[in-house]
Amino acid sequence: MSMENALPISHRQRLWLYALGGLVMLFLIAPSVIIVIMSFSGSSLLEFPPQGWSLRWYESYFGSLEWRDATVVSVKVAVMTAIVATLLGTAAAYAINARTLRMTGLINALLTASLIIPVILVGIGTFFLYARIGLNNTLTGLVIAHTVQGLPLVVLTVLSGLRSYDMNQEMVARSLGAGRFSAFFQVTMPQIRFSIVSGALFAFITSFDEVVVSLFISGGETTTLTRRMFNALRDQIDPTIAAISTCLIVLSIVLLSAAQLFGRGR
Amino acid sequence: MSLASASLDRAVEPDRALNADSLNADARREARGMLALLSPGLFLVFAVIIVPIGWLFWLSLFDESGQLSAANYARFFEQASYIKTFVTTFKVAFTVTGACVLLGYPLAYMLSQLPRRAASICLIFVILPFWTSVLVRTYAWLVILQRKGLVNTWLMDLGVIGQPLPLANNFAGVVIGMTHIMLPFLVLPLYASMKTIDVDCLRAGMNLGASPAATFWQIFFPLSLPGLASGLVIVFVLCLGFFVTPALMGGGKVIMWAMRMEQTTSLYSNWGAGAALGVVLLAVTLALLGLFQWLLGTRATGVWSRR
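Reading the values: rules and limits
- Residues numbered from 1 in each chain as written.
- Chains lettered and ligands numbered in written order.
- Predicted model: local features only at pLDDT ≥ 70, side-chain atom pairs only at ≥ 80, totals over all residues.
- Helix = DSSP H or I, 4+ residues; strand = E, 2+ residues; numbered from the N terminus.
- Buried ≥ 20, exposed ≤ 12 C-beta atoms within 10 Å, placed from the backbone.
- Contact = placed C-beta atoms within 7 Å.
- Rg over C-alpha atoms; globule rule 2.2 N^0.38 Å.
- Axes fitted to C-alpha atoms, helices over the stretch in contact; angles between N-to-C directions.
- Parallel < 35°, antiparallel > 145°, perpendicular 65-115°, else oblique.
- Nonpolar A, V, L, I, M, F, W, Y, C, P; charged D, E, K, R; others polar.
- Left-handed = near helix turned anticlockwise from the far one by under 90°.
- Core = buried A, V, L, I, M, F, W, Y, C linked by C-beta atoms within 7 Å.

A.B. asks: I'd like a description of the overall build of chain A, backed by residues and values.
C.D. replies: A count of helical and extended segments in chain A gives 12 helices and 0 strands. N-terminal to C-terminal, the α/β element order of chain A is α-α-α-α-α-α-α-α-α-α-α-α. Across the 266 residues that make up chain A, the buried fraction comes to 45%. Partitioning the contacts of chain A with sequence separation of at least 6, the portion at a separation of at least 24 is 74%.

A.B. asks: Which residues make up the overall build of chain B, and what values go with them?
C.D. replies: Counting its regular elements, chain B contains 13 helices and 0 strands. Going from the N terminus to the C terminus, chain B shows its helices and strands as α-α-α-α-α-α-α-α-α-α-α-α-α. The C-alpha atoms of chain B give a radius of gyration of 27 Å, which is well past the 19 Å a tight globule of 307 residues would have. Among the 307 residues that make up chain B, the fraction classed as buried is 41%. The long-range share in chain B, meaning contacts at least 24 apart out of those at least 6 apart in sequence, stands at 72%.

A.B. asks: Go over the packing of helix H9 (residues 212–240) of chain B against helix H12 (residues 271–296) of chain B, please, and point to the residues and values.
C.D. replies: Residue and element names in this part refer to chain B. Here H9 crosses H12 at 175 degrees, and the two axes come no closer than 10 Å. Relative to H12, H9 is oriented roughly antiparallel. In this structure, H9 contributes Pro226, Ala229, Val233, Phe236, Val237 and Leu240 to the contact, and H12 contributes Leu281, Val284, Thr285, Leu288, Leu289, Phe292 and Leu296. Partitioned by chemical class, the residues of the contact of H9 with H12 number 12 nonpolar, 1 polar and no charged.

A.B. asks: Describe the interface of chain A and chain B, with residues and values.
C.D. replies: Residue-level contacts link 79 residues of chain A with 74 residues of chain B. Residue composition of the side of chain A that touches chain B, by class: 59 nonpolar, 16 polar and 4 charged.

A.B. asks: Go over the environment of Gln13(A) with me, naming the residues and quoting the values.
C.D. replies: Relative to the helices and strands, Gln13(A) resides in the segment before helix H1 (15–38). Expressed as a C-alpha distance, the spacing of Gln13(A) and Ser39(A), which sit 26 residues apart in the sequence, is 40 Å.

A.B. asks: Outline the environment of Thr265(B), listing residues and values.
C.D. replies: With respect to the secondary-structure elements, Thr265(B) resides in helix H11 (residues 257–267). Sequence spacing of Thr265(B) and Ala275(B) is 10 residues, and the spatial spacing of their C-alpha atoms is 8.2 Å. Setting aside anything within four residues of it in sequence, one finds Thr265(B) in contact with Ile124(A), Asn270(B), Trp271(B) and Gly274(B).

A.B. asks: Quick rundown of unusual backbone geometry? Include the residues and the values.
C.D. replies: Residue and element names in this part refer to chain B. Here Asn169, not a glycine, exhibits a phi torsion of approximately 55 degrees, which is positive. Secondary-structure assignment places Asn169 in the loop between helix H6 (150–157) and helix H7 (171–195). Here Ser269, not a glycine, exhibits a phi torsion of approximately 50 degrees, which is positive. Along the chain, Ser269 turns up in the loop between H11 and H12. For Ser269, a count of 9 C-beta atoms within 10 Å puts it in the exposed group.

A.B. asks: Let's hear about the packing of H7(B) against H9(B): which residues, and what values?
C.D. replies: Residue and element names in this part refer to chain B. Remark: H7 packs on H9, axes separated minimally by 8 Å, with the N-to-C direction vectors making an angle of 155 degrees. Considered as vectors, H7 and H9 are oriented roughly antiparallel to each other. Crossing of H7 against H9: the hand is right-handed. On the side of H7, the interface is formed by Met178, Met182, Phe185, Leu186, Pro189, Leu190, Ala192, Ser193 and Met194, while H9 contributes Ser224, Pro226, Gly227, Leu228, Ser230, Gly231, Leu232, Ile234, Val235, Leu238 and Cys239. Tallied by class, the residues present in the contact of H7 with H9 amount to 15 nonpolar, 5 polar and no charged.

A.B. asks: Describe in detail the nonpolar core, supporting the description with residues and values.
C.D. replies: One finds Met182(B), Val235(B) and Cys239(B) to be the most contacted residues of the largest nonpolar core, which totals 152 residues. In terms of residue count, helix H3 (residues 65–98) of chain A provides more of this core than any other element does, 15 residues in total. Once you skip the residues sitting within four places of it in the chain, Met182(B) turns out to touch Val96(B), Cys100(B), Val235(B), Leu238(B) and Cys239(B).

A.B. asks: Describe the environment of Ile196(A), with residues and values.
C.D. replies: Structurally, Ile196(A) is set in helix H9 (residues 180–209). The sequence separation of Ile196(A) and Thr90(A) amounts to 106 residues, and the corresponding C-alpha distance is 7.1 Å.

What follows is the structure, given as structure tokens:
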């Protein structure tokens, strides 16, 4: 047992705290666990634990053209969002970190605005704007809107990477004759690449899970997976959604572990 | 200052004056370069956030006949249905925030007291839901809480209740679902701030004879308040504008602010009224966050950068 927190209070005296904390952790994780288990149920009744097991809800997910199309749209949008948001976010973080500009506070606030501005307002506003310029129900429109949602996470992640990196190294490279870009790509980027990859993963997951803005600006051929799920949930509780949810949970776990792994590599 | 160094200074001075121009030009070029790096991101934020919201604000100032008026805002005080929406929204926001404190504080406290390894394993239970789709989690709660859901089935099988409890499609369902979604937003900043509390302060208290309870309430708790405040504000603000869970779990009975905006614009195509709702929501959000920043000197959005 480590000594870092060693207060003269025994673990036994703390049992009530561990019990309480454990219950809250159960509250946090139970819904996901229940959904994963129920997605393998053999019956269309939502019973727990399921009486029999089957893969029918996965078959119903992968066999349905509508769900498949929506998934493809979401994957496409999320990949493009991750690329665009990572490029723009890394560039912005680099500029903020350089501190040569005044009003860094304002710039920061603008770039991270989408974290605090009620997303319903962004959804309605974006729909309204897109209606004028014909971007509703297009992949381009979705990628632009999702990029703005994912940008803050890239900026914050890369910025924290840059803060633990000594910019003098890049200065040395430049004073030795490297150009601005080759200094960045050969000296700085290899050292902050883990933050960049984490940022990209966060942008991907933000786009893939985004509901509210997609609800307004996607439709028809570009209906995203989350929009279709939302509409399906408004009608009835179809166990197919348990299978889709399980896939989304697994995706979150995989991406988070990847981000953790890359984060450690620093 | 010695004579020698003074004369040296004077000798350097003309050079400095000569250099100043080119140094300034260099600094300007540098600033332009940095602005160029920022501009694509800033442009998108302007295009997708600032311009549409500004436009909606402009729209909210005109009534249905196109006359400049405050009709869209006056409605909020006159129509009972709007007042009910605000009351519901604040009731949900206060209840959820309160529930998050009751559940989140003990968890964050436990995490902060555990050894590093154990804490990082337990943190997975907070971070995984944080990054799981809101839709997935709302669906899960629907399955658990609905009339023929898990909780009701279990309780009826055990004979605890004869009739299914109304847990989903009402206020209780919305509060439970939203508490689950908001909890990580409280726990993460609270845990981060608890980790910065110096254990030596607590140890000193105990050495001087304070009981564990007194040490907690007189030393630890006051020191954890800024982190708690940060979590509280962010949870409350997110609750005010939350859409997905109330829309799916409210059963059409719990109409919150964001749902009202969606209905007004999508269902009734009344853009002026919907926009006015949005403007007030944004103003309240920014006012609360601004007040927080002014009082505590830190940003409430730290939850996203500390991970």
